[in-house]
Amino acid sequence: MEGVLSYNNQEHHHQEQQQQPKIKKNKNIKLGLLLLNCLLLSVGQVGGPLLLRLYYLHGGQRKWLTSWLQTAAFPILLIPLFASWSNKSRSQSSTNSNPSSTKQKFLLNPKLFIASAILGTLIGLDSFLFALGLSYLPVSTSALLMATQLAFTSVFALLLVKQKFTPYSINSVVLLTLGSIILGLHTSGDRPVGVSNGQYFLGFFMTLGAAALLGFILPSVEFAYAKACKVITYDLVIQMQFLVSMFATLLCTIAMIINKDFQAISREAKEYGLGEAKYYMVLIGAAILMQSMLVGNLGVIFCSTSLFSGVLLALLLPVQQIFAIIFFNEKFNAEKGMSLALSFWGFASYFYGEYKQTKKNNKLIISMTTHQHQEFPNVV
């Protein structure tokens, strides 16, 4: 009997050893995807709004055009899609496996298709609110207001995906929200030249509305993944990103046609303060960077959670502010400094809480494993 138990134990241990490299490889792949999407999100979040603001500063006036630019570069996503399909086809040919296993290229089911259409429409509206706000606000003020999306993300994450909160994450949300309130109460010296008080406060509340809508969209993406009734792979996420961006662009395209924005582009280019060539360079650059931000955002949610995506967006705030001060000579007054300090405090609180929670989870796993070995010594 002991020999049988020993043999079973050895066999199970051998299987576990074979599985460990595969598990480690999967973890490394997911970590790599997370880092890649964090990079895409960071580059887009910092550079995209700066180029959109540059468009407005030198004579650009089309709000729906800048809304359209935020998702119009979605055909870029065909590159990773075709690369993935090509790689799978080569693998199929080399292994001579069942062809039917790789024939399915379009992975979205009806639920995810409808979710993509709804999310795309919401992102199109959010893009317009953000573009309208940015046309009247400095980049630094707009960025600080957009940081409030973390508070909205937290609330909707709790309601939609039952996100678990710790005292540290709650403290982080409160501090970031308080920082934005301070900014909102002290705006007298922050109004750009040529912008009236009415326009400034319109931009203020439109940007706040964009933050609230973004706070709803991020957990909604995570909710759509959870309710998809199928395994969520990165190929499927890319396809969903393509559809989301396509529907958002479609909404903005219809609005541009109604508003006659396409006819105005050539006229605006000729009158642009930096010259016609740089006008088109600004538009193309903004489109690529804003698409990078959207792709990175949805990818981070796939690899982690919507709350982490919201925290990362807020974490990029100081970098965006520094670049706005350097390139646009924007003011950095005491209120912005206080708001920024509260933001740093909020970030530190969130990440310290995550560190403690991870440490606690690791201890719990070790404790459970040790207990199993003690209770069942012949079973690994």
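No experiment lies behind these values; they were computed from the predicted model shown.

Draft legend 1. Up close: the overall build of the chain. Of regular secondary structure, the chain possesses 14 helices and zero strands. Order of helices (α) and strands (β) in the chain, N terminus to C terminus: α-α-α-α-α-α-α-α-α-α-α-α-α-α. The 380 residues of the chain split such that 47% are buried. Residue pairs at least 24 apart in sequence account for 85% of intrachain contacts in the chain once pairs closer than 6 positions are excluded. Accessible surface computed for the chain: about 19,800 Å², of which carbon and sulfur atoms make up 67%.

Draft legend 2. Molecular detail of the nonpolar core. L65, Y225, M240 and Y279 are the most contacted members of the largest nonpolar core, which has 81 residues in total. For this core, the leading source of residues is helix α11 (residues 276-303), giving 13 residues. Once residues lying within four places of it in the same chain are set aside, the contact partners of M240 are L108, L112, S116, L119, A224 and Y225. Membership of the second largest hydrophobic core comes to seven residues, among which are L132, L137, L145 and F204.

Draft legend 3. A look at α11. Spanning 28 residues, α11 covers 41 Å between terminal C-alpha atoms, matching the ideal 40 Å at 1.5 Å per step. Judged by how many residues are buried, α11 sits mostly within the fold: 21 of 28 residues are covered.

Draft legend 4. Highlighting the packing of helix α9 (residues 234-259) against α11. Look at α9 against α11: their axes get within 10 Å of each other, and the N-to-C directions meet at 140°. In terms of axis orientation, α9 runs oblique to α11. For α9 against α11, the interelement crossing comes out right-handed. On α11, the residues that touch Y234, V237, Q241 and S245 of α9 are Q291, L294, V295, L298, G299 and F302. Split into classes, the residues belonging to the contact of α9 with α11 amount to six nonpolar, four polar and no charged.

Draft legend 5. Looking closely at the packing of aromatic side chains. Taken as a whole and judged by the stated rule, the model has 13 aromatic pairs. Summarising the aromatic geometry, the rings of Y200 and F201 are spaced 5.8 Å apart at their centres and angled 85° between planes, so their arrangement reads as edge-to-face. Seen from their ring centres, Y272 and Y279 are 5.1 Å apart, and the 70° between their planes marks the pair as edge-to-face. Judged by its relative accessible area of 1%, Y279 is buried.

Draft legend 6. Focus on a nonpolar patch on the surface. Where nonpolar side chains cluster on the molecular surface, the patch consists of I76, I79, Y280, I284 and I288 and spans about 470 Å² of accessible area. Considering every element that reaches the nonpolar patch, the biggest residue donor is α11, with three residues. As for its placement among the helices and strands, I288 is situated in helix α11. The partly exposed category is assigned to I288, whose relative accessible area is 42%.

Draft legend 7. How the structure looks around the packing of α9 against helix α10 (residues 261-271). It is the contact of α9 with α10, at a shortest axis distance of 6 Å, that shows an interaxial angle of 75°. Considering the angle they form, α9 stands roughly perpendicular to α10. Here T253, M256, I257 and N259 of α9 come into contact with α10, specifically with D261, F262 and I265. Of the residues in the contact of α9 with α10, the class split is four nonpolar, two polar and one charged.

Draft legend 8. Molecular detail of helix α6 (residues 149-161). Turning to α6, its buried residues number three or more, namely Q149, L150, A151, T153, S154 and A157. Trailing α6 by a residue or two, K162 shows a phi angle of about 55°, which is positive.

Draft legend 9. A look at the pattern of salt bridges. A complete count under the given rule lists one salt bridge for this structure. Taking the shortest distance from any N to any O, the salt bridge between D261 and R62 comes out at 2.7 Å. Highlighted residues: D261 in helix α10 and R62 in the loop between α1 (2-57) and α2 (63-69), separated in sequence by 199 residues. Across the pair, R62 and D261 agree in class, each one buried.

Draft legend 10. How the structure looks around the state of the cysteines. Per the stated rule, a full pass over the model turns up zero disulfides. Here C303 stays free of any disulfide, with the sulfur of C38 as its closest cysteine sulfur at 8.0 Å. On the basis of relative accessibility, which here comes to 12%, the residue C303 falls in the buried class.

Draft legend 11. Structural context of unusual backbone geometry. One non-glycine residue with positive phi stands out, namely K260, at about 60°. The topology assignment puts K260 in the loop between α9 and α10. Assessed through its relative accessible area of 56%, K260 is described here as exposed.

Reading the values: rules and limits
- Residues numbered from 1 in each chain as written.
- Predicted model: local features only at pLDDT ≥ 70, side-chain atom pairs only at ≥ 80, totals over all residues.
- Heavy atoms only, no water.
- Helix = DSSP H or I, 4+ residues; strand = E, 2+ residues; numbered from the N terminus.
- Buried < 20%, exposed > 50% of the residue type's maximum accessible area, 1.4 Å probe, protein only.
- Contact = heavy atoms within 4.5 Å.
- Areas by Shrake-Rupley, 256 points an atom, 1.4 Å probe, with all protein chains shown as cover.
- Core = buried A, V, L, I, M, F, W, Y, C linked by side-chain atoms within 4.5 Å.
- Expected span 1.5 Å × (residues − 1).
- Axes fitted to C-alpha atoms, helices over the stretch in contact; angles between N-to-C directions.
- Parallel < 35°, antiparallel > 145°, perpendicular 65-115°, else oblique.
- Left-handed = near helix turned anticlockwise from the far one by under 90°.
- Nonpolar A, V, L, I, M, F, W, Y, C, P; charged D, E, K, R; others polar.
- Phe/Tyr/Trp six-rings, centres within 6.5 Å; stacked < 30°, edge-to-face > 60°.
- Patch = residues over 30% accessible without salt bridge, like charges linked within 9 Å, V, L, I, M, F, W, Y side chains within 5 Å.
- Salt bridge = Lys/Arg side-chain N within 4 Å of Asp/Glu carboxyl O.
- Disulfide = S-S within 2.5 Å.

Structural measurements only, silent on function.
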